[in-house]
Amino acid sequence: MIQNIAKRLCELINVSILAMRGIIWHALSEWQRKYNKTITEITNMSMSKRIIAAKEIFNIGKRELKTMLNEPKEQNEILLDIIFERAFKYYMEYINKLRM
């Protein structure tokens, strides 16, 4: 899943796949420390809690990327918000396919 999300994000933004995987991994690690849970525990959560956790992880990753933006910073932050919403939509589509 990390590889798929990283690949999808890299299609939308000019960041190397290795850097994107690192950002996603960092976001997952931060979420784990915050909630004292392992990533595998997410799969045992209810669907609503799983979606909330995923959204939090996406937001952490987006925050990390925003620290690396070039000028015009405000314009690039807006673009990054849009890109991450598209990526989250892709994640939701993936989750819905698994449920069927």
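This structure is a prediction, so every number in the text was calculated from the model and none was measured.

Undergrad: Describe the overall build of the chain, with residues and values.
TA: Helices and strands together make up the secondary structure of the chain, namely five helices and zero strands. Ordered by position from N to C terminus, the α and β elements of the chain give α-α-α-α-α. Computed over C-alpha atoms, the radius of gyration of the chain comes to 14 Å, within 12% of the 13 Å expected from 2.2 N^0.38 for 100 residues, which places it in the range of a compact globule. On the principal axes, the C-alpha backbone points of the chain span a range of 40 × 30 × 20 Å. Looking at the chain as a whole, 32% of its 100 residues are labelled buried. Taking as baseline every contact in the chain between residues at least 6 positions apart, the subset at least 24 positions apart corresponds to 49%.

Undergrad: Account for helix 5 (residues 73-99), with residues named and values stated.
TA: Over its 27 residues, helix 5 runs 39 Å from end to end, which matches the ideal 39 Å to within 8%, given 1.5 Å per residue. Along helix 5, the residues that are buried comprise Asn-76, Leu-80, Ile-83, Phe-84, Ala-87, Phe-88, Tyr-90, Tyr-91 and Ile-95. In this fold, the buried residues of helix 5 make contact with helix 1 (2-12) and helix 4 (47-66).

Undergrad: How would you explain the packing of aromatic side chains if you had to name every residue and give the values?
TA: Inspection of the entire model under this criterion finds five aromatic pairs. On the numbers, 5.3 Å between centres and 85° between planes, the contact of Phe-58 with Phe-88 is edge-to-face. Here Phe-88 lies in helix 5 and Phe-58 lies in helix 4, a separation of 30 residues in the sequence. Exposure remark for Phe-58: the relative accessible area of 9% places this residue in the buried category. The exposure class of Phe-88 is buried, given its relative accessible area of 11%. Aromatic pair Phe-58 and Tyr-91: ring centres 6.0 Å apart, planes at 55°, arrangement tilted. Taken together, the residues span a long stretch of sequence, with Phe-58 in helix 4 and Tyr-91 in helix 5 at a distance of 33 residues. Given a relative accessible area of 10%, Tyr-91 falls into the buried group. Chaining the aromatic ring pairs together yields one cluster made of Phe-58, Phe-84, Phe-88 and Tyr-91. Above the face of the Phe-88 ring, Lys-55 is positioned so that its terminal group lies 4.7 Å from the ring centre.

Cut-off values and rules
Residues numbered from 1 in each chain as written. Predicted model: local features only at pLDDT ≥ 70, side-chain atom pairs only at ≥ 80, totals over all residues. Heavy atoms only, no water. Helix = DSSP H or I, 4+ residues; strand = E, 2+ residues; numbered from the N terminus. Rg over C-alpha atoms; globule rule 2.2 N^0.38 Å. Buried < 20%, exposed > 50% of the residue type's maximum accessible area, 1.4 Å probe, protein only. Contact = heavy atoms within 4.5 Å. Expected span 1.5 Å × (residues − 1). Phe/Tyr/Trp six-rings, centres within 6.5 Å; stacked < 30°, edge-to-face > 60°. Lys NZ or Arg CZ within 6 Å of the ring centre and 35° of its normal.

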